[in-house]
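Each chain is listed here by its residues.
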Amino acid sequence: MSLHTGSDIPHHLAVIMDGNGRWAKARHLPRAEGHRQGVQALHRLVERAAERGVKVLTVFAFSSENWRRPAAEVNMLMRLFAVALRDWRTRLIDAGVSLRIVGELEPFPEDVKTAIAQTERATAAGTRMRLNVAANYGGRWDMCRAASALAAEGLPITPEAIAQKLATAPDGDVDLLIRTGGEQRISNFLLWQAAYAEIYFSDCLWPDFSAAHLDEALAWYEGRERRFGMTSEQVRGTAG
Ligand code: FPP
């Protein structure tokens, strides 16, 4: 765990991209248009986060609970993922970003799984930033899966061992978690990984989220003092 009293760029940034539906409704547009604009906002986020020096960006694209949405919206989101992932390949490669999908992919349509595998392979050499797209992901699922893997191997279930079995294992804890759309919840996102994250809530609806909004969140993060359970004096090195 890295200790710092602020002034850093978060190593691992996580984002809950909320508000696509409300953005569309406010404009009398179909929800699908909100999601399409949401993809554009995600492009902006990826490019600015990489420019700013973020090393890992994990975004919540589809939660385990999102299957409960009307079938037409779920199908639309699947189509959008497949098309967006294909169209995105060159941009990600040019930006030095490697893509990984984290979540239970088995229930996804074949063409989406193919687009995922091809984009992961095509971008694997990118070293500037890793982009984790959480799809059919839930924090509880992630923890249960990690604990089950340890149990199956007959290994002791310790915090360190669980951390090594999580879907985002190589990327470590989340430093800054941003949620747009005005809600103030974690919604079963990176429950374990965000244990010590600074959490930034924005009223901005996701399709409106700009590079400047990210900079505002990064400036707020810089001013935070991260204590990881210690006193302020300990963190500042002034404890007598
Ligand atoms: C939440 O808004 C957003 C989602 C459930 C989908 C997010 C997906 C994207 C932005 C596209 C990602 C694309 C790729 C290729 C990874 P909401 O529909 O819950 O909005 P509401 O709360 O206003 O109804």
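Keep in mind it's a predicted model, so treat the numbers as computed, not measured.

Draft legend 1. Quick peek at the UniProt feature "binding site: Mg(2+)" (unreviewed entry) in the protein chain. Within this numbering scheme, the UniProt entry marks Asp18 and Glu198 as carrying the feature "binding site: Mg(2+)" (unreviewed entry). Here Asp18 lies in the loop between β1 (12-16) and α1 (20-26). Filtering out sequence-adjacent residues up to four positions away, Asp18 remains in contact with Arg179, Thr180, Gly181, Glu183, Cys204, Leu205 and Trp206. With respect to the element layout, Glu198 can be found in strand β6 (residues 198-201). Exposure remark for Glu198: the relative accessible area of 10% places this residue in the buried category. Once residues within four sequence positions are removed from consideration, Glu198 is found in contact with Asp175, Leu176, Leu177, Trp220, Tyr221, Arg224, Glu225 and Arg226.

Draft legend 2. Inspection of the nonpolar core at higher detail. The biggest cluster of nonpolar side chains holds 49 residues, and the ones touching the most others in it are Leu57 and Leu131. When residues in this core are grouped by element, the largest group, 12 residues, is from helix α3 (residues 71-95). For Leu131, the contacting residues outside a window of four places in its chain are Val46, Leu57, Val59, Trp88, Leu92, Val97, Ser98, Leu99 and Arg100. Residues Ala14, Phe60, Ala134 and Ala167 belong to the second largest nonpolar core, which totals 13 residues.

Draft legend 3. Representation of the site of the ligand within the structure. Near the ligand you find 18 residues, and of these Asp18, Gly21, Arg22, Arg31 and Arg69 are the closest. Gly21 places a main-chain nitrogen or oxygen 3.0 Å from an oxygen atom of the ligand. For the ligand, an oxygen atom lies 2.7 Å from a polar atom in the side chain of Arg69. For the ligand, whose accessible area on its own is 630 Å², the fraction buried by protein is 92%. Elements that contribute at least two residues to the shell around the ligand include exactly α1, α2 (31-52) and α3. The leading source of residues in the shell around the ligand is α2, at 5 residues. The residue inventory of the shell around the ligand, partitioned by class, reads 8 nonpolar, 6 polar and 4 charged.

Basis of the calculations
- Residues numbered from 1 in each chain as written.
- Predicted model: local features only at pLDDT ≥ 70, side-chain atom pairs only at ≥ 80, totals over all residues.
- Heavy atoms only, no water.
- UniProt positions renumbered as here; feature names shortened; annotations may be inferred.
- Helix = DSSP H or I, 4+ residues; strand = E, 2+ residues; numbered from the N terminus.
- Contact = heavy atoms within 4.5 Å.
- Buried < 20%, exposed > 50% of the residue type's maximum accessible area, 1.4 Å probe, protein only.
- Core = buried A, V, L, I, M, F, W, Y, C linked by side-chain atoms within 4.5 Å.
- Near = heavy atom within 4 Å.
- Polar contact = N/O pair within 3.5 Å; in protein donor to acceptor, adjacent residues only side chain to side chain.
- Areas by Shrake-Rupley, 256 points an atom, 1.4 Å probe, with all protein chains shown as cover.
- Nonpolar A, V, L, I, M, F, W, Y, C, P; charged D, E, K, R; others polar.

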